[in-house]
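The chain contents come next:
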Amino acid sequence: MKKRVLSGIQPTGSPHIGNYLGALKNWAKIQYDYDSIYCIVDLHAITVYQDPAELKSKILELAGMLLALGIDPKHSSLVVQSMVPQHAELAWMLTCVTPLGWLERMTQFKAKSETADSIGDGLLQYPVLMAADILLYQAHVVPVGDDQTQHLELARDIAQRFNSLYADTFTMPETRLPTVGARIMGLDDPEKKMSKSTTGAGHAISLLDDLKVIQKKIMRATTDSSPEVNFETMGAGVKNLLSIYQAFTEVSDDALRNEFSGLRYGDLKKKVAEAVVSALEPIQARYREITSDRSYVAKVLENGAERVTPAAADTVEKVKRAMGLYTRN
Ligand code: AQP
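Calculation criteria
Residues numbered from 1 in each chain as written. Predicted model: local features only at pLDDT ≥ 70, side-chain atom pairs only at ≥ 80, totals over all residues. Heavy atoms only, no water. Domains from an automatic or database assignment. Contact = heavy atoms within 4.5 Å. Buried area = accessible area lost by both parts, 1.4 Å probe. Salt bridge = Lys/Arg side-chain N within 4 Å of Asp/Glu carboxyl O. Polar contact = N/O pair within 3.5 Å; in protein donor to acceptor, adjacent residues only side chain to side chain. Helix = DSSP H or I, 4+ residues; strand = E, 2+ residues; numbered from the N terminus.

Asker: Which residues make up the domain arrangement of the protein, and what are the values?
Answerer: Structurally, the protein comprises domain 1 (4–177 + 294–323) and domain 2 (211–289). Between the C-alpha centres of domain 1 and domain 2 there is a distance of 31 Å. Contacts between the two partners involve 10 residues from domain 1 and, on the opposite side, nine residues from domain 2. Across the interface of domain 1 and domain 2, roughly 870 Å² is buried in total on both sides, 72% from carbon and sulfur atoms. The largest contributions to the domain 1 side of the interface with domain 2 come from Ile 17, Leu 21 and Ala 68, which together make up 50% of the buried area. In this assembly, domain 1 and domain 2 are joined by two salt bridges. For Glu 250, the salt bridge identified is with Lys 25, shortest N-O distance 2.5 Å. In this assembly, domain 1 and domain 2 are joined by four residue pairs in polar contact (both at pLDDT 80 or more). When contributions to the side of domain 1 that touches domain 2 are tallied by element, the ones reaching two or more residues are helix H1 (17–30) and helix H3 (52–68).

Below, the structure is given as structure tokens:
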């Protein structure tokens, strides 16, 4: 039997090249080697306020984008998290075995709660819900960007704690990071992770950005005071641009060095822009085609939820039994 892969993305903002290179690119690549479940995690999105009308259309748009990126609904289950109620059900049960201190230590919680005006409980519980997403399907492999490593460790800790407290119930998930592009940084500030929720016109490249806008953003990206690429001394901005190029083109380290050593920053940026534009152009065309029929996208999501529900229900039943909750048989 094939091993199971599970990963998710929030329908917040517009997916950017960080999401793509850190996670989404791999989803399509590995889908035929695994029993694949890819989740649009709308329950995670509402840990911060979302405009209700916008959220619903963002879910459909994101589903369209995942299909445009090559997720094949014949092989992979594309699932909206809130359409499978067992995600929330299991999250509550796992909340009850998770020490508060584990959650307060999460760096993403600390960072988000420092900038938010008021902190909802959902923001603290976010990693427990993520653990539930993964453990619900007994996933073996979870392909994510580097920013999710700590949450994945927590998911394993929660699984281990549950297994030893009650009964051996959960499979231990393994984190799968890409070798290049695991953390793409903001173009305007290469010290900060590229993020959907960070505002600023020059920060992120959305997968749906106009191709001319993409070129402009890259040409304006922050570099450093040196005029040309030096692999020994380069700063974070140049390093980030080279990572973007390498992740898009999949050239080897040696080929990258040969191609870019001594190149002036203007030429480096032109090459990066060309690589990004030529990869995103066909994706955008597929996206337009797919989303011209919203009923097709909605049908894919219905089928996805239907396909995964038996596995989700099976795990919740096991957890209930293990915890001594009332079950019908
Ligand atoms: N900058 C990044 N570089 C590499 N991978 C990244 N990911 C996110 N940002 C980068 C990976 O993309 C997947 C989906 O991310 P998400 O939408 O679930 O949440 P996130 O990590 O919180 O992404 P954002 O863009 O920063 O969203 P907001 O601003 O809404 O919080 C994950 O696998 C993630 O690792």
